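# Inside the fold
Letter by letter, the chains look like this.
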Amino acid sequence: MCLRFFVYQISKWSTQLTLFASTHLLFRVCFERPLCWNAAMLRIGLISAATYQYGDQPLRHGSHHGTAFASTFNGYDESIAKAHDWTFVRAKKGIEGAKVTRVWDKHRTWAEHLSKACHIPTVCETPEEACEDIDVAIIVDDGSGTQAKYAKHPLQKGIPTFCDKPLAMTASKAPQMSTFPRSTGTPFMSASPLRFVP
């Protein structure tokens, strides 16, 4: 039990320390090759971003990574962030040049709370809808270990995609999960960004 609590605390601190490391990687690694967007502002679709549930544990309202991404790009309203009993990571610094414009979570109520707290204009009914009219997809760790399944649609559409770790729950499944992105030729990345913290 003590070890589990320690690992949880380390995970929590790591999330706060890596507030914008994932986004830094997304831009640095996925977009090193020249890509053309008409919009001056990159539009981000945030998927599985508002709740977290690992195994048989109770559903956790909010998401360390989802709220960190959203508040990094869009800022946040402190009064709304404080209004709910949820996990909400407040970005200390922002990243200019991109905004989360769409959000989806299978628990819509919490996606709506995240939308209001972080000024995200559109709450979507499906993960596919969250990939409409965007330039970048970010898929957040929802605790299931299977969030990579949401990458198929944006990759098929040619949308550069970052999938939060884990890409797969076993070493044997990881290579299978990497085959499809390669076949599309669409920039794709999955990682834990801790070592890239500036």
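Placed above this text is the structure.
In this report, we go over the structure that sits alongside the text. (Residues numbered from 1 in each chain as written. Predicted model: local features only at pLDDT ≥ 70, side-chain atom pairs only at ≥ 80, totals over all residues. Heavy atoms only, no water.)

## Structural notes on the overall build of the protein
Across its full length, the protein holds seven helices and eight strands. Across the 198 residues that make up the protein, the buried fraction comes to 47%. (Helix = DSSP H or I, 4+ residues; strand = E, 2+ residues; numbered from the N terminus. Buried < 20%, exposed > 50% of the residue type's maximum accessible area, 1.4 Å probe, protein only.)

## A look at the environment of Gly-185
Along the chain, Gly-185 falls in the loop between helix H7 (173-184) and strand S8 (188-191). Judged by its relative accessible area of 42%, Gly-185 is partly exposed. Residues Gly-185 and Gln-156, 29 residues apart in the sequence, show an inter-C-alpha distance of 9.1 Å.

## Quick look at the pattern of salt bridges
Should their charged atoms come close, side chains of opposite charge can pair. This structure, assessed with the given rule, holds seven salt bridges. Of the charged contacts in the structure, one is a salt bridge between Arg-102 and Asp-133, with a shortest N-O distance of 3.9 Å. Linking Arg-102 in strand S4 (residues 98-104) with Asp-133 in the loop between strand S5 (122-123) and strand S6 (136-139), this pair joins segments that are 31 residues apart in sequence. For Arg-102, a relative accessible area of 12% translates into the label buried. Judged by relative accessible area, which is 55%, Asp-133 ranks as exposed. Taking the shortest distance from any N to any O, the salt bridge between Arg-108 and Glu-112 comes out at 2.7 Å. Taken together, the residues span about one helical turn, with Arg-108 and Glu-112 both in helix H5 (residues 108-117) at a distance of four residues. When its relative accessible area of 31% is taken as the criterion, Arg-108 is described as partly exposed. Since its relative accessible area comes to 29%, Glu-112 is described here as partly exposed. (Salt bridge = Lys/Arg side-chain N within 4 Å of Asp/Glu carboxyl O.)

## Some remarks on helix H3 (residues 64-74)
Burial of H3 is extensive: eleven of the eleven residues sit out of reach of the surface. Phi turns positive one or two residues past the end of H3, at Gly-75, with a value near 75°.

## Quick notes on the side chain of Thr-67
As for its position among the elements, Thr-67 is in helix H3. Thr-67 gets classed as buried once you look at its relative accessible area, which sits at 1%. For Thr-67, the side chain forms a polar contact with the main-chain oxygen of His-64, separated by 3.3 Å. Apart from residues lying up to four places away in sequence, Thr-67 is in contact with Ala-49, Thr-87, Phe-88, Val-89 and Leu-114. (Polar contact = N/O pair within 3.5 Å; in protein donor to acceptor, adjacent residues only side chain to side chain. Contact = heavy atoms within 4.5 Å.)

## As for the nonpolar core
If you look at the biggest cluster of nonpolar residues, it comprises 28 residues, and the most contacted ones within it are Leu-46, Phe-73, Leu-114 and Ile-138. Among the elements of the structure, strand S1 (42-47), H3, S4, H5, S6 and S8 are those that each provide at least two residues to this core. With four residues, the top contributor of residues to this core is H5. (Core = buried A, V, L, I, M, F, W, Y, C linked by side-chain atoms within 4.5 Å.)

## Structural notes on the pairing of S1
Of all six residues in S1, five are buried, a share of seventy percent or more. Where S1 and S6 come together, four bridges link them in parallel fashion. Note on S6: the bridge partner recorded for Ile-47 is Ile-139. (Pairing = 2+ DSSP bridges.)

## Overview of the packing of aromatic side chains
Overall, the coordinates contain five aromatic pairs when judged by the stated rule. On the numbers, 6.2 Å between centres and 65° between planes, the contact of Phe-69 with Phe-162 is edge-to-face. One end of the pair, Phe-69, is in helix H3; the other, Phe-162, is in strand S7 (residues 161-164), and 93 residues separate them in sequence. As far as burial versus exposure is concerned, Phe-69 and Phe-162 are alike and both buried. (Phe/Tyr/Trp six-rings, centres within 6.5 Å; stacked < 30°, edge-to-face > 60°.)

## A look at the sheet that holds S1
If you walk across this open sheet you meet the six strands as S5-S4-S1-S6-S7-S8, and the pairing is parallel. Looking at which strands have only one partner, the edges of the open sheet turn out to be S5 and S8. Where S1 meets S4, six bridges bridge the pair, whose relative direction is parallel. When the sheet's bridge partners are listed, Ile-44 is paired in S4 with Val-100. Sitting on the sheet, H3 is in contact with S1, S4, S6 and S7, with an inclination near 140° to S4. (Axes fitted to C-alpha atoms, helices over the stretch in contact; angles between N-to-C directions.)

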